[in-house]
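Here are the chains, one letter per residue:
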Amino acid sequence: MRSVLPRPGSPGTRRTALGLAVLLMASLFAVLGPAPGAGATTAGNVTGVTRSGDTFTVTTTGKPTARITVARADIFRIWLSPDGTFTNDPAGADLAVRTSFGTVGATLTDAGAYWRIGTSAISLRINKSPLTFALYRADDTTLVWAESQPTSWTNQQTTQYLARGADEQFYGTGLHLGEWALRDKTVPVSVSNSWTENSNASPAPFYMSTNGYGVMRNTWAPGSYNFGAPTQLTHNENRFDAWYFAGDSLKGVLNAYTDVTGKPFLAPIWGLELGNADCFNASNPAYTGDHDRLRHQTTPDAVGYATDARAADMPSGWFLPNDGYGCGYTDLPNTVSSLAAQGVHTGLWTSTGLNSINWEVGTAGSRAVKTDVAWIGGGYKSAFTGVQQAVDGIEKNSDGRRFVWTVDGWAGTQRNAVVWTGDTSGTWDAMRWHVPSIAGAGLSGLNYASGDVDGIYAGSPQTYVRDLQWKAFTPAFMTMSGWGATNPSAGYNDKQPWRYAEPYLSINRKYLQLKMRLMPYLYTMSRVATDTGVPATRAMVLEYPDDPVARGNLTSGQFMAGDSFLVAPVVSDTAVRDGVYLPAGDWTDYWTGKVYTGPGWLNGYSAPLDTLPLFVKSGAAVPMWPQMNYTGEKPVSTLTYDVYPRGASSFTLYEDDGTTRAYQNGASARQTVNVTAPASGSGNVTLAVGAATGSYTGQLASRAYEFTVHAAAAPSAVTVGGAALPKLSGKAAYQAAATGWYFDPADRAGTLWIKAGDHAVNSAFTVTATGLTLPAGTPVTASGPIPQAGWKVVAADSQETTNENGAAANAIDGSSATIWHTQWSSVAAPLPHEIQIDLGARYAVDGLGYLPRQDGGVNGRIGQYEVYVSDSTTDWGPPVATGTFADTASAKKAAFTAKRGRYLRLRALTEAGNRGPWTSAAEITATGRPAP
């Protein structure tokens, strides 16, 4: 994605001295960490509090002074100045763009041991001796957070210390690469440009808590957040300045946070389609890559790629045909117009600067920018300023909307740009941590977060397909060509979905076409983000904050795409997906129509390469377009609603012209569909389509409406506005008719198809299916993945040492990139080998998962095996499972009747390929349920 190096195809050399310096400094910070020592200073005791309107000043026994500004009943700022002055505000108006919401009328009370600032939402205590703060709800009884000791500072760092709640969980810090539930983790609020797990690609000095609050440090200084006990929040500056947001939910906190820092921008609708970045001017002598790249000699060669996409019937929406690294561009106006004729929009990927953006946008017609290495190393404000320059270049020279991808984000970036995960590889392990990374970015208000499809390096047809599947359900995604493995023939180093052989070609097409059909749903979800700060890609905790399983990382491998779709990506070489968590309610398998009832775990889900585990929440009414390969290819003369009736539910469709900023002045429309159905069994199902409110250029005066209603048996009749629709004999008759209905019991376990005819968009109508039978759900099991956080290796065969040196823990570290391997370079111990694991607590264990090494090596794969579960490591009893694993790299599972115990033992009796007396494992997992 970001090339700072000589030429494509040499991943080991894509680091400049600057990049290495940044990485070294980040590493030193991680090692030294926040450790206020004896030289740290605190404010001392409070001597008084004065007020001016809704601003309160706290004086202390020394120079330090605190200022509290109450901006809204639920939003306030604490600024603690060591020198007692408030002139040093390095963030200025960059991060907090709105700081006034009108007069609050906060109260000030001297309560003896503390001063109290009160509003209708909060009670902030200013403890007098020493100065510490504590936040309560308005009742002054319900604690939200409290400092466990005074904030301290040195010349280099300032740290706040908070007491941690017994079950308090934390989220945020921007595009953090890895799991999104942060309790007990130390997270860098800084960039290393290493783009590896547990680093931060686009940090934000923001976090929020399940206690119902969020905090943004008002600073450009990097930091580190330790969410231990106590929680330690450090930034590299000798001042403390933070905005606080109190809410009754995580969604409420995000709404308040983005009220201050800016709502997520609304991308042009074509920005939700697949994009591609590459150099198409390789003949330029200054280009640092391969000058002989076929069909990449001059910039207009990009048009040939668009032609290929259309010939393959493959959706694609935008290209960035300039990578800047000596590439440059030729004949940009002709490229833009020729690509537009193919339904493709054009932007520029720049590594050098934006000096020509006025001409590029205003004359040549470019409409997107990807800022890159010119902004690395200059600090977070430098990248932030570059994004603003790109935004201004687009919006001051056209009527288009901002569509910018940035290399290093910060708090407030959500209002201007897409962030992405950096230069990563197309591996199963990278895919594994990408899923929580992108879902977790939304917990910092970043609606548009992405990673290159199948990474920038390496990859395979299988990893490409799997990565594309789930990223199609995120708002923005892109392929990055030019550095990947040659595929599918010599001379082409790119990762275009139409350049793969079957069956991969058809699978890629299937998911890109599905995204295009779902465009009105996904675009509406992005508008929801713009209105509320709640992202389209949602970690499970956002939708199910009271579900104890959804609150933590057991669900970090799945996400909600909007409020209706649950997406559970397959991130290893397997055709079976275990550990899908379905919260309370009914969930319909999108592909088969089978209904599952949660809460609980779905294991053993059949997921061959063409199947993304995808479930629809009961009550969903999902709008869909006709099939097309790019926005505007066809008029949306028919709008289809895919309906999963159960109880009362609704969906409000958002529409505008999709490209201009006219929506900011109200040029848009909304239309609500209310669904009323029985909770179970049979009854009438009504679909009440409301009149659209609002208008915009290009809005159709009328359109046809179609409904696909998922049911177990046919209704007795279907009416529109009380008038009966004709019952048709089958699919052929239905396709030929203008109106009517038929029921297909073989279509996804039962689907009622309804053509309701043409209706004016500004008028309402109601469709009723009389006596419709709803499908019954199959309860899922309470057995799920046993969290690895508490696991320890009790005993294992060695890795390269006589006594096991700790490397066996690689088999239970959650990363498929690390392995446990028995001794091999000296005299190898004979089989059998074994590993014994302490699960940290007692469980009824009913399954063991085994992922062979994923590093390309094959020796050590387990063949014949035995599994044991026990409460003692000295008395294992008989095995609970025996069998033989196949000699492949795919994930394996041994299921068995649940047995209670704290300890798990896996014995490898043979090596699958009979290559030698070795045993290896990338990951060992287990399923079960707690067993006191």
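The numbering scheme is per chain: residues are counted from 1 as the chain's sequence reads. pLDDT decides what is reported in this predicted model: residues at 70 or higher carry local features, side-chain atom pairs at 80 or more are listed and counted, and totals for whole chains, interfaces and linings draw on all residues regardless. Just so you know, side-chain values use all the structure's heavy atoms and leave hydrogens and water out.

Topic: unusual backbone geometry
The line we're drawing: Only DSSP runs of H or I with at least four residues qualify as helices, and only runs of E with at least two residues qualify as strands; both kinds are numbered from the N terminus onward.
In this chain, Ser-129 is followed by Pro-130 through a cis amide linkage whose omega measures -5°. Looking at the element boundaries, Pro-130 is found in the loop between strand 7 (122-127) and strand 8 (132-137). In this structure, the amide linkage connecting Gly-598 to the following residue, Pro-599, adopts the cis form with an omega of 10°. As for its position among the elements, Pro-599 is in strand 34 (residues 595-602).

Looking at the state of the cysteines
The condition that has to hold: Cysteine sulfur pairs qualify as disulfides if the two atoms are within 2.5 Å. Each residue gets one of three labels from its accessible area relative to the maximum for its type: buried under 20%, exposed over 50%, partly exposed in between, using a 1.4 Å probe on protein chains only.
Applying the stated criterion across every chain yields a total of one disulfide. One disulfide bridge connects Cys-279 with Cys-327, the sulfur atoms lying 2.2 Å from each other. Around the S-S axis, the bridge from Cys-279 to Cys-327 shows a dihedral of about 85° and counts as right-handed. Of this pair, Cys-279 sits in the loop between strand 18 (274-277) and helix 3 (302-311) while Cys-327 sits in the loop between strand 19 (318-320) and helix 4 (332-341); the two residues are 48 residues apart in sequence, bridging distant segments of the chain. On the basis of relative accessibility, which here comes to 0%, the residue Cys-279 falls in the buried class. Residue Cys-327 is classed as buried on the basis of its relative accessible area, which comes to 0%.

Regarding the pattern of salt bridges
Keep this limit in mind: Any Lys or Arg side-chain nitrogen located within 4 Å of an Asp or Glu carboxyl oxygen qualifies as a salt bridge.
Applying the stated criterion across every chain, the model contains 41 salt bridges. The closest approach of N and O atoms between Glu-834 and Arg-905, which form a salt bridge, is 2.9 Å. Of the two residues, Glu-834 sits in strand 53 (residues 833-851) while Arg-905 sits in strand 56 (residues 892-908), which places them 71 residues apart along the sequence. No difference in accessibility class separates Glu-834 from Arg-905, as the two residues are buried. Among the salt bridges present, the one from Glu-866 reaches Arg-907, with a minimum N-O distance of 3.2 Å.

Notes on the confidence of the model for the protein
Definition in use: Scored from 0 to 100, pLDDT records how confident the predictor is in each individual residue. In this analysis, two residues are considered to be in contact whenever any of their non-hydrogen atoms come within 4.5 Å of each other.
Taken over all residues, the pLDDT of the protein has a mean of 92, while the share at 70 or more is 95%. Taken together, the stretch residues 1-36 has pLDDT below 50 and engages in 90 contacts with residues farther than four places along the chain or on a different chain.

Some thoughts on the sheet that holds strand 37 (residues 621-624)
Here is the rule we go by: We call two strands paired when DSSP finds no fewer than two bridges between them. Under this scheme, a helix contributes an axis fitted over its contacting stretch, all axes are lines through C-alpha atoms, and angles between N-to-C directions fall in the 0 to 180 degree range.
In space, the five strands of this open sheet follow the order 37-38-43-47-46, with mixed pairing throughout. Either end of the sheet is taken by a strand with one partner, and the two such strands are strand 37 and strand 46 (740-744). With strand direction ignored, the average angle separating the axes of adjacent strands in the sheet is 20°. Relative to strand 43 (residues 702-710), strand 38 (residues 638-643) runs parallel, the two sharing six bridges. Within strand 43, the position partnered with Tyr-641 by the bridge is Phe-707.

Comments concerning the side chain of Glu-237
Along the chain, Glu-237 falls in the loop between strand 16 (231-235) and strand 17 (240-246). Contact partners of Glu-237, with chain neighbours within four places excluded, come to Pro-90, Gln-156, Gln-157, Thr-158, Thr-219 and Ala-221.

Quick word on the packing of helix 7 (residues 428-441) against helix 8 (residues 461-471)
To keep it simple, the criterion reads: Under this scheme an angle from 65 to 115 degrees is roughly perpendicular, one under 35 degrees roughly parallel, and one over 145 degrees roughly antiparallel; angles in between are oblique. Residues are sorted three ways: Asp, Glu, Lys and Arg are charged, Ala, Val, Leu, Ile, Met, Phe, Trp, Tyr, Cys and Pro are nonpolar, and all the rest, Gly among them, are polar.
Close contact between helix 7 and helix 8 brings their axes to 11 Å; oriented N to C, the two are set at 10°. Taken as axis vectors, helix 7 and helix 8 run roughly parallel relative to one another. Residues Trp-428, Met-431, His-434, Val-435 and Ile-438 of helix 7 form the contact with helix 8, whose own contacting residues are Gln-462, Thr-463, Arg-466, Asp-467, Trp-470 and Lys-471. Residues that form the contact of helix 7 with helix 8 fall into these classes: five nonpolar, three polar and three charged.

Section: the sheet that holds strand 23 (residues 404-406)
Strand order across the open sheet formed by five strands is 21-22-23-24-26, with parallel pairing between neighbours. Every interior strand has two partners, whereas the edge strands, strand 21 (348-350) and strand 26 (449-450), have only one. Pairing between strand 24 (residues 418-420) and strand 26: two bridges, direction parallel. Following the sheet pairing, Trp-420 is matched in strand 26 by Ser-450. Across the sheet, helix 6 (residues 380-395) lies against strand 22 (369-371) and strand 23, angled at about 170° from strand 23, the strand it touches most.

Re the environment of Gly-228
As for its placement among the helices and strands, Gly-228 is situated in the loop between strand 15 (223-226) and strand 16. For the pair Gly-228 and Leu-182, spaced 46 residues apart in sequence, the C-alpha separation works out to 9.1 Å. Among all residues touching Gly-228, those that are not within four sequence positions of it are Arg-164 and Asp-184.

Some details on the packing of aromatic side chains
As a reminder of what qualifies: Geometry of aromatic contacts follows a simple scheme: Phe, Tyr and Trp rings, the Trp one being its six-membered ring, pair when their centres are within 6.5 Å, and the pair is stacked under 30 degrees between planes, edge-to-face over 60, tilted otherwise. When the NZ atom of lysine or the CZ atom of arginine is within 6 Å of a ring's centre and also within 35 degrees of its normal, the charge is said to sit over that ring.
Tallied over the full model, the rule gives 46 aromatic pairs. Look at Trp-318 and Trp-405: their rings are 5.6 Å apart centre to centre, the planes differ by 50°, and that puts the pair in the tilted class. Placement of the pair is Trp-318 in strand 19 and Trp-405 in strand 23, with a sequence separation of 87 residues. The interplanar angle of 65° and the centroid separation of 6.5 Å between the aromatic rings of Tyr-868 and Trp-876 together place this pair among those described as edge-to-face. Exposure remark for Trp-876: the relative accessible area of 7% places this residue in the buried category. Between Arg-125 and the ring centre of Tyr-136, over which it is positioned, the NZ or CZ distance is 4.0 Å. Across from the ring centre of Tyr-868, 4.6 Å away, lies the NZ or CZ of Arg-905, which sits over that ring.

With respect to helix 6
Stated precisely, the cut-off is as follows: Expected span of a helix, by definition, is 1.5 Å for each gap between consecutive residues, and there is one gap fewer than residues.
Relative to the 22 Å expected for 16 residues at 1.5 Å per residue, helix 6 spans 23 Å between its end C-alpha atoms, a close match to the ideal helical length. Along helix 6, the residues that are buried comprise Tyr-380, Ala-383, Phe-384, Gly-386, Val-387, Ala-390, Val-391, Gly-393, Ile-394 and Glu-395. If you follow the buried residues of helix 6, they end up packed against strand 13 (200-209), helix 5 (357-362), strand 22 and strand 23.

Regarding the environment of Pro-130
On the basis of relative accessibility, which here comes to 35%, the residue Pro-130 falls in the partly exposed class. Taking C-alpha positions, Pro-130 is 28 Å from Ala-91, a pair spaced 39 residues apart along the chain. With near-sequence residues (within four places) excluded, Pro-130 lies in contact with Gly-44, Asn-45 and Pro-150.

Quick notes on the pairing of strand 8
With five of six residues buried, strand 8 is to be regarded as a mostly interior element. Note: strand 7 against strand 8, six bridges, orientation antiparallel. Each residue of the ladder has a partner; that of Ile-126, found in strand 8, is Phe-133. What sits between strand 7 and strand 8 in their antiparallel hairpin is a turn of four residues. As defined by bridge partners, strand 8 adjoins strand 9 (residues 143-153) across three bridges and the pair is classed as antiparallel. Paired with Leu-135 across the strands is Trp-145, a residue of strand 9. Following strand 8, the chain reverses through five residues before pairing antiparallel with strand 9; Asp-140 in that reversal takes a positive phi of roughly 60°.

Some details on the nonpolar core
The line we're drawing: Residue types Ala, Val, Leu, Ile, Met, Phe, Trp, Tyr and Cys, when buried and joined through side-chain atoms within 4.5 Å, form a set referred to as a nonpolar core.
Membership of the largest hydrophobic core comes to 206 residues, with the highest contact counts inside it found for Ile-68, Phe-473 and Phe-707. A per-element tally of this core places helix 7 first, with eight residues. For Phe-707, the residues in contact, after removing those within four places along its chain, are Tyr-641, Val-643, Leu-687, Val-689, Leu-752, Trp-753, Ile-754, Ala-756, Phe-765 and Val-767. Residues Ala-811, Val-845, Val-869 and Ala-894 belong to the second largest nonpolar core, which totals 27 residues.

So, empty space enclosed by the protein
Our working definition: Both site types are read off a 1 Å grid over the protein atoms alone. A 1.4 Å probe that fits but cannot get out defines a cavity, while an open set with protein on both sides within 12 Å along at least five of seven lines defines a pocket; lining residues have an atom within 4 Å of a point. Grid points are joined across faces, edges and corners, and a volume is the space filled by probe spheres set on the points.
Applying the stated criterion across every chain, the model contains five cavities of 30 Å³ or more. As a volume, the largest cavity reaches approximately 80 Å³. Every residue lining the largest cavity is listed: Asp-586, Trp-587, Thr-588, Val-595, Ser-618, Tyr-644, Pro-645, Arg-646, His-710 and Pro-775. Broken down by element, the lining of the largest cavity gets its largest block of residues, three residues, from strand 33 (residues 580-589).

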